[in-house]
Amino acid sequence: MILATDLDGTFLGGDPSQKTELYQLINNHPSFQLVFVSGRGLASILPLFEEAFMPSPHYIISDVGATVVHGYSLQPVEPIQSLIEEKWPGREKINSALECVKGLRPQDVPQQRRCSFYYDDKTDLHQLRLVAEELHCDLIISAGKYADILPKGVNKGSSLRMLATQYGFSDDQILVAGDTFNDLSLFETGYKGVVVGNAESGLQEVTMHLPDVYRARKDGAGGILEAMQYFSFIRPLRA
Ligand SMILES: [Mg+2]
């Protein structure tokens, strides 16, 4: 199977003993392929590799889909990375276009081909949307406070799809996992998916009508284990 999972609140979330169980399960099954799919920039994913039992991902999709690298070499996956780069107007152009939008504060995090902001109740989200459209970029609003500007049509789901096509992943062998609204595109790919127990309610609601999306009772890693069992990727777990 191919587990394409969000990190914060999902693969890194949940009960510590279930995290260990999931990580060891992956480590003990070399046929499992792991794809990290995160909103973080690549530089803030790398320290996670020091965590106990942390399995090595085969691929990393970071920056909410804007960066796609091989897990071992950390080299860009081509031609996917170049195709994304072509759609990106650049940070400078974006910052100057957004000067007219109130209440935006840049997030001080490492990132590439993506600009992240905090917004507040002074922010005119409609105006923000219009500016993003003028820049031929996408806007993703998440958790009631985060605004992300991304290359047009680039998101976690689109990058995972390109990766799956390039490497011939079989659709029915893919399980996607997430907990917040920026994971929605993963579920919209049509692959099997798990919304973990601690997911934000907005995500629970909008994925309600999607087929093959399992809503786990357990949080984070525990929810992923639950779904792996539900979709018969693994044998039933002990109670
Ligand atoms: Mg998350």
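Residues numbered from 1 in each chain as written. Predicted model: local features only at pLDDT ≥ 70, side-chain atom pairs only at ≥ 80, totals over all residues. Heavy atoms only, no water.

Observations concerning the packing of aromatic side chains
The following threshold applies: Note on aromatic contacts: the rings of Phe and Tyr and the six-membered ring of Trp form a pair at centre separations within 6.5 Å, being stacked when their planes are under 30 degrees apart, edge-to-face when over 60 apart, and tilted otherwise. Numbering goes from the N terminus for both helices and strands, where a helix is a DSSP run of H or I of at least four residues and a strand is a run of E of at least two. Burial status follows relative accessibility: with a 1.4 Å probe on protein chains alone, a residue under 20% of its type maximum counts as buried, one over 50% as exposed, and anything between as partly exposed.
Applying the stated criterion across every chain, the model contains nine aromatic pairs. Ring centres 6.5 Å apart and planes at 45° place the aromatic pair phenylalanine 36 and phenylalanine 49 in the tilted group. You can see phenylalanine 36 sitting in strand E2 (residues 33–37) and its partner phenylalanine 49 sitting in the loop between E2 and strand E3 (59–62), a full 13 residues away along the chain. Overall, the relative accessible area of 31% leaves phenylalanine 49 in the partly exposed class.

As for the packing of helix H2 (residues 16–27) against helix H9 (residues 220–230)
Selection rule: Between the N-to-C directions of two axes lies an angle of 0 to 180 degrees, each axis being a line fitted to C-alpha atoms and, for a helix, fitted only over the stretch in contact. The labels follow the angle: roughly parallel below 35 degrees, roughly antiparallel above 145, roughly perpendicular from 65 to 115, and oblique for the rest. The hand of a helix crossing depends on one turn: near helix anticlockwise from the far one by less than a right angle means left-handed, and clockwise means right-handed. Pairs of residues are marked as contacts when any of their non-hydrogen atoms sit within 4.5 Å. In this count, Pro and Cys sit with the nonpolar residues alongside Ala, Val, Leu, Ile, Met, Phe, Trp and Tyr, while Asp, Glu, Lys and Arg are called charged and the others, Gly among them, polar.
Following both chains from N to C, one finds H2 and H9 inclined at 50°, their axes separated by 8 Å at the closest point. Between H2 and H9, the angle is such that the two are oblique. The interaxial crossing formed by H2 with H9 has left-handed handedness. Residues Gln18, Lys19, Glu21, Leu22 and Leu25 of H2 form the contact with H9, whose own contacting residues are Ala221, Gly222, Ile224, Leu225 and Met228. The residue makeup of the contact of H2 with H9, split by class, is six nonpolar, two polar and two charged.

Quick notes on the sheet that holds strand E8 (residues 146–151)
The condition is simple: A pair of strands is treated as paired once DSSP finds two or more bridges between them.
Read across the open sheet, the four strands follow the order E5-E6-E8-E7; overall the sheet is antiparallel. Whereas interior strands pair on both sides, the edge strands pair on one side only; in this sheet they are strand E5 (105–106) and strand E7 (137–142). The pairing of strand E6 (residues 115–118) with E8 spans four bridges and is antiparallel. Residue phenylalanine 117 lies in a different strand from E8, and its bridge partner there is alanine 147.

What to know about the layout of surface pockets
The cut-off we apply is this: A cavity, in this analysis, means grid points on a 1 Å lattice covering only the protein atoms where a 1.4 Å probe fits yet has no way out; a pocket is instead an open set bounded by protein on both sides within 12 Å along at least five of seven lines, and a residue lines either one if it has an atom within 4 Å of a point. Grid points are joined across faces, edges and corners, and a volume is the space filled by probe spheres set on the points. Boundary definitions for the domains trace back to an automatic or database domain assignment.
The calculated volume of the largest pocket comes to roughly 440 Å³. In this structure, the largest pocket is lined by 21 residues; those nearest its centre are Asp8, Gly39, Arg40, Tyr146 and Asn182. For the lining of the largest pocket, the secondary-structure elements that each account for two or more residues are E6 and E8. Counted by class, the lining of the largest pocket contains five nonpolar, nine polar and seven charged residues. Both domains that meet at the lining of the largest pocket, namely domain 1 (2–84 + 154–230) and domain 2 (88–151), each give it at least three residues.

Side note on helix H6 (residues 156–167)
Here is the rule: Multiply 1.5 Å by the residue count of a helix minus one, and that product is the helix's expected span. Whenever two N or O atoms come within 3.5 Å, that pair is a polar contact, provided that in protein one can donate a hydrogen and the other can accept it, and provided that, for residues adjacent in sequence, both atoms are side-chain atoms.
A rise of 1.5 Å per residue sets the reference length of H6, with its twelve residues, at 16 Å; its end C-alpha atoms lie 17 Å apart and thus fit the reference within 8%. Every buried residue belonging to H6 is among Lys156, Gly157, Ser158, Ser159, Leu160, Leu163 and Ala164, and all of these are buried. A distance of 3.0 Å separates the backbone nitrogen of glycine 157 from a side-chain oxygen at the start of H6, and that oxygen is part of asparagine 155. One or two positions beyond H6, positive phi appears at glycine 168, with a value near 65°.

Observations regarding the environment of glutamine 127
Here glutamine 127 lies in helix H5 (residues 125–134). In this structure the C-alpha to C-alpha distance between glutamine 127 and glutamine 166, which are 39 residues apart in sequence, comes to 37 Å. What glutamine 127 contacts, discounting residues up to four positions off in sequence, is Cys100 and Val101.

Regarding the coordination of the magnesium ion
In plain terms, the rule: Each metal site is built from N, O and S donor atoms within 2.8 Å (3.2 Å for Na, K and Ca), and since water is not included, such sites may look incomplete.
Only Asp6 (OD), Asp8 (O) and Asp179 (OD) from the protein coordinate the magnesium ion, and they sit 2.1 to 2.2 Å from it. Read from N- to C-terminus, the donor residues coordinating the magnesium ion fall into the pattern D-x1-D-x170-D. A residue pair is termed long-range when its members are at least 10 positions apart, and aspartate 8 in helix H1 (residues 7–11) and aspartate 179 in the loop between strand E9 (174–178) and helix H7 (184–187) qualify at 171 residues. With a relative accessible area of 37%, aspartate 8 lands in the partly exposed category.

Some words on the domain arrangement of the chain
Convention followed: Here the buried area means the combined drop in accessible surface, using a 1.4 Å probe, for two parts upon being joined, counting both sides. By salt bridge we mean one thing: a side-chain nitrogen of Lys or Arg within 4 Å of a carboxyl oxygen of Asp or Glu.
Domain boundaries assigned for the chain yield domain 1 (2–84 + 154–230) and domain 2 (88–151). Once you take the C-alpha centre of each, domain 1 and domain 2 turn out to be 24 Å apart. Of the residues lining the interface, 16 residues belong to domain 1; the matching set on domain 2 comes to 14 residues. Overall, the association of domain 1 and domain 2 removes approximately 1100 Å² of surface from exposure, summing both partners, and the carbon and sulfur fraction of that is 51%. Taken as a group, Asp63, Val64 and Val154 account for 35% of the area that domain 1 buries against domain 2, more than any other trio of residues on that side. The interface formed by domain 1 and domain 2 holds zero salt bridges in total. Linking domain 1 with domain 2 are five residue pairs in polar contact (both at pLDDT 80 or more), by the criterion used here. Each residue belonging to the side of domain 1 that touches domain 2 can be placed in one class, and the counts come to six nonpolar, seven polar and three charged.

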